[in-house]
Amino acid sequence: MRMITMLLALTATSASAWAATVVNKDDSAYVLVVTEGGSRMEIAVEAGMTETICPAGCFVTLPSGDRIALTGGETIEIESGTASVK
């Protein structure tokens, strides 16, 4: 049982290590459209908040309408209404 718990914890940790991060540095919320594995969802990123998305790679439609591909590990920063990928 202990081994299973350790494997599950390791899997969860390693999956989030490769996930992308969205940092909203603005005073207003933004909605990103995330398409991952054929599923489409809207992710609201509140003002001043950070969200983790795309644990296995995805496409993200930014507030500007631009669509970008993420493979994991990237950080999207939203500041003054503009998103940049780092």
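Residues numbered from 1 in each chain as written. Predicted model: local features only at pLDDT ≥ 70, side-chain atom pairs only at ≥ 80, totals over all residues. Heavy atoms only, no water.

Attention now moves to the state of the cysteines. Tallied over the full model, the rule gives one disulfide. Between the sulfur of cysteine 54 and that of cysteine 58 lies a disulfide, 1.7 Å long from S to S. For the disulfide bridge between cysteine 54 and cysteine 58, the dihedral angle about the S-S bond is near 65 degrees, and by the sign convention the bridge is right-handed. For cysteine 54, a relative accessible area of 2% translates into the label buried. Under the relative-accessibility criterion, cysteine 58 is labelled buried at 6%. (Disulfide = S-S within 2.5 Å. Buried < 20%, exposed > 50% of the residue type's maximum accessible area, 1.4 Å probe, protein only.)

Of all five residues in strand S1 (residues 20-24), four are buried; the element is thus mostly enclosed. In this structure, S1 lies alongside strand S4 (residues 50-53), joined through four bridges in antiparallel fashion. Counted as the bridge partner of valine 23 is threonine 50 from S4. Pairing of S1 with strand S7 (residues 75-79), which is carried by four bridges, proceeds in the parallel orientation. Bridge pairing links valine 23 to glutamate 77 in S7. (Helix = DSSP H or I, 4+ residues; strand = E, 2+ residues; numbered from the N terminus. Pairing = 2+ DSSP bridges.)

So, about the pattern of salt bridges. Counted by the stated rule, this structure contains two salt bridges. Two residues, lysine 25 and glutamate 77, come together in a salt bridge whose shortest N-O distance is 3.3 Å. Taken together, the residues lysine 25 in the loop between S1 and strand S2 (30-36) and glutamate 77 in strand S7 connect sequence positions 52 residues apart. Between lysine 86 and glutamate 77 there is a salt bridge, with its nearest N and O atoms 3.5 Å apart. (Salt bridge = Lys/Arg side-chain N within 4 Å of Asp/Glu carboxyl O.)

Strand order in the open sheet formed by four strands is S3-S2-S5-S6, and the pairing between neighbours is antiparallel. Both edges of this open sheet fall to strand S3 (39-45) and strand S6 (67-70), since each of them pairs with a single strand only. Averaged over neighbouring strand pairs, the angle between their axes works out to 25 degrees when direction is ignored. Pairing of strand S5 (residues 58-61) with S6, which is carried by four bridges, proceeds in the antiparallel orientation. Among the inter-strand pairings, threonine 61 is bridged to a residue of S6, identified as arginine 67. (Axes fitted to C-alpha atoms, helices over the stretch in contact; angles between N-to-C directions.)

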